[in-house]
Amino acid sequence: MVLFFKKELPSNPLSLRRKMQQLIAGNWKMNLLRGPAAALARDVAAGAAGLHCGLAVFPTFTALAAVQAVLRGGPVMLGAQDCHVAVSGAFTGDVAAVMLADAGCGAVIVGHSERRQCHGETSAGVQGKAAAAAAAGLLAVVCVGETEAERDAGHAERLVCRQVAESVPAGFSGVVAYEPIWAIGTGRTPTQQDVAAMHGAIRAALLRHLGPDGAGVRILYGGSVNPENAAGLLAVPDVGGALVGGASLDAQKFLAIAAAAQRG
Ligand code: 13P
């Protein structure tokens, strides 16, 4: 089990990636009041021992403090679901990356498709957020993924690789999460062959965009990951872990997915 809590993070987060353990991340989205969130975090932390992967959970902003109190000093990393590009200022309703770090977060998701679709977020904006996250010492989880229409039209790889090039900032040392939009919350997943092809294309895009550093960027798969399909998806080459939505709200399911992670 890799210690992911911020205080335990080595000064260079790349050293975590070199261990090549997979990362199983739970995106709790807009769910759970503080009490149930803390209870879920307690159950996840209790099941973390003996796993051969890193764990992270991403509660909603209002539950961060309650979950941080549970996870403090332990192996499960705390993250948030979005941040603003600026350090401070007149941005009503927004939260700066440095504020998330101050609240005990070690990571933040940026550019989730639900933010791109519901809030009109662009790849250029996501790139700024990822850079702000890195500047605040947070691991940025940059999400990319195509719609079903884009896949049906045969444009998925080209569009996702463009999202990568436009959303990932120079000098990036975070994580990319490939989440096909049509697989999120639907119970449908791409075939393992399709995941392998897309992750290979994303890897090539990262190498073009970042040079040799692109080889070290972890690429997660997300979209309807569950205990039944996790082992197959996590065995695909270049899948560095999973970003889990619905199943991460159930500690047993989330831990079962983590148990399916590959040994480092
Ligand atoms: P589901 O696992 O519910 O499909 O959600 C995936 C997701 O959007 C994680 O960020």
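Residues numbered from 1 in each chain as written. Predicted model: local features only at pLDDT ≥ 70, side-chain atom pairs only at ≥ 80, totals over all residues. Heavy atoms only, no water.

**Q** I'm lost on the sheet that holds strand β8 (residues 241-244) in this one. Help?
**A** Sheet strands pair via backbone hydrogen bonds, and the direction of the pair is either parallel or antiparallel. Strand order around the closed barrel formed by eight strands is β1-β2-β3-β4-β5-β6-β7-β8, with parallel pairing between neighbours. Neighbour-to-neighbour, the strand axes of the sheet open up by a mean angle of 25°, direction not taken into account. With three bridges joining them, strand β2 (residues 53-58) and strand β3 (residues 76-80) adopt parallel strand pairing. By the bridge assignment for β3, Leu55 is matched with Val76. Taken strand by strand, helix α9 (residues 192-210) contacts β5 (139-144), β6 (175-178) and β7 (218-222), and its axis lies near 145° from that of β7. (Pairing = 2+ DSSP bridges. Helix = DSSP H or I, 4+ residues; strand = E, 2+ residues; numbered from the N terminus. Axes fitted to C-alpha atoms, helices over the stretch in contact; angles between N-to-C directions. Contact = heavy atoms within 4.5 Å.)

**Q** Help me understand the side chain of Glu121 in this model?
**A** By the element assignment, Glu121 lies in the loop between α5 (113-118) and α6 (123-135). Given the relative accessible area of 14%, Glu121 is considered buried. Of the polar contacts made by the side chain of Glu121, one reaches the side chain of Arg115; its length is 2.7 Å. Here the side chain of Glu121 touches Lys129 through a polar contact of 2.9 Å, side chain to side chain. (Buried < 20%, exposed > 50% of the residue type's maximum accessible area, 1.4 Å probe, protein only. Polar contact = N/O pair within 3.5 Å; in protein donor to acceptor, adjacent residues only side chain to side chain.)

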